[in-house]
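What the coordinates show
Each chain is listed here by its residues.
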Amino acid sequence: MSGMTLSAASLYDRVQRVIPAIEWPVFSDDIDAILKLKRERNAVILAHNYQTPEIFHCVADIVGDSLALARKAMEVEADVIVLAGVHFMAETAKLLNPSKTVLIPDMRAGCSLADSITPQDIRLLRQRYPGVPVVTYVNTSAAVKAESDICCTSGNAKAVVESLGVPRVLMLPDEYLAQNIAKQTDVEIIAWKGHCEVHERFTPEDIREMRAAHPGVTVLAHPECPPEVVAEADFAGSTAAMSDYVGREKPARVVLVTECSMSDNVAVEHPDVEFIRPCNLCPHMKRITLGNIRSALERNEHAVTIDPTVAVRARLAVERMLAV
């Protein structure tokens, strides 16, 4: 988005279906300030699909799932990158842009999944499974990536696993993603017991209740959901794949079984589709606000740093993924 001609007033049309007019004045000052700060500092904002609409549609320059953000982070020409997402995403942006300033608006924006595994865990797994490659989900710290052979996202996990040309792999840390991918490939997948606190709460009963309450609804599930939830859905895929599905198939009525801001953000683009919203919020994503994005740009707050020896090895795992 070009910040040159935009203002908060001109942006409201974009989000009026998902943000009530009475709430807009709360956001508009921060939006105008952020647009001005981006120009002054030659900054861009990368926002994940789980950010709220006033961030996703009004101040972000690049939006998408973690794979899209990782890819596009490499092409950024700005001096400053603000990552509206969680800490591992900011670290990934820093890995791919070591000479740029990368800011995260709130240091507490973590991830239950990333917290479920440590570098020491991987070293122990390598002892137990000598010679078996380690495929690590991007939802991990740079220190964990540094112990891995290659990274993956929910969007490219099957392709990454099969690119290695081996009979079995260790896939970390999301147990459900590993189980869901295992059903799609002949490669044997050894999983770790990490879970996303948003997606692990969904149950098959939730899906059946939604179908009963909203006849004809199309159910799209994220592969971090338990396999029995994915089995009840009409389609499973990354947040990018879900968004593409809605645009391609134009279901009359749809439910996205994932973090609930995703529905608002996709709904903006598809006024003809009815969205049923199961509201499981990610408390970490919701730590990012217009106010702390503004503050990050004003004060250069929360610059992401990575130990250089860790960064070299972690960057290799991410670059191998991007080459698949």
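Below: a short report on this structure.

Calculation rules
Residues numbered from 1 in each chain as written. Predicted model: local features only at pLDDT ≥ 70, side-chain atom pairs only at ≥ 80, totals over all residues. Heavy atoms only, no water. Helix = DSSP H or I, 4+ residues; strand = E, 2+ residues; numbered from the N terminus. Phe/Tyr/Trp six-rings, centres within 6.5 Å; stacked < 30°, edge-to-face > 60°. Buried < 20%, exposed > 50% of the residue type's maximum accessible area, 1.4 Å probe, protein only. 1 Å grid on protein atoms, 1.4 Å probe; cavity = no way out; pocket = protein on both sides within 12 Å on 5 of 7 lines; lining within 4 Å. Points joined across faces, edges and corners; volume = space filled by probe spheres on them. Nonpolar A, V, L, I, M, F, W, Y, C, P; charged D, E, K, R; others polar. Disulfide = S-S within 2.5 Å.

Considering the environment of Arg253
For Arg253, the position within the fold is in strand S11 (residues 253-257). C-alpha of Arg253 to C-alpha of Arg168: the two residues are 85 residues apart in sequence and 40 Å apart in space.

Quick word on the packing of aromatic side chains
Per the stated rule, a full pass over the model turns up three aromatic pairs. Measuring from ring centre to ring centre gives 5.0 Å for Tyr12 and Trp24, while their planes differ by 50 degrees; the resulting arrangement is tilted. Placement of Tyr12 in helix H1 (residues 8-15) and of Trp24 in helix H2 (residues 24-41) is noted, with a sequence separation of 12 residues between them. Across the pair, Trp24 and Tyr12 agree in class, each one buried. Ring geometry for Phe235 versus Tyr245: centroids 4.8 Å apart, planes at 35 degrees, classification tilted. Taken together, the residues Phe235 in strand S10 (residues 235-236) and Tyr245 in helix H12 (residues 239-249) connect sequence positions 10 residues apart. Taking the relative accessible area as the measure of exposure, Phe235 reaches 23% and is therefore partly exposed. By the ring-pair criterion, three or more aromatic residues cluster together here, those being Tyr12, Trp24 and Phe27.

Quick word on empty space enclosed by the protein
As enumerated under the stated definition, the model contains two cavities of 30 Å³ or more in all. Reported here for the largest cavity is a volume of approximately 270 Å³. Lining the largest cavity are 28 residues, and of these Tyr50, Met89, Asn139, Glu224 and Met285 lie nearest its centre. Those elements that provide at least two residues to the lining of the largest cavity are helix H4 (66-73) and helix H5 (87-96). Counted by class, the lining of the largest cavity contains 11 nonpolar, 13 polar and four charged residues. In this structure, the second largest cavity spans a volume of roughly 80 Å³. Along its surface, the second largest cavity is lined by Leu46, Ser66, Leu69, Ala70, Ala73, Leu83, Phe88, Met89, Thr92, Ala93 and Val138. Residue assignment for the lining of the second largest cavity shows that the elements contributing at least two residues are H4 and H5.

Section: the state of the cysteines
Overall, the coordinates contain zero disulfides when judged by the stated rule. Just so you know, Cys111 is unpaired, no disulfide at all, and the nearest cysteine sulfur is the one on Cys196, 6.5 Å from it. Judged by relative accessible area, which is 12%, Cys111 ranks as buried. Cys151 forms no disulfide, and the closest cysteine sulfur to it belongs to Cys152, at a distance of 7.5 Å.

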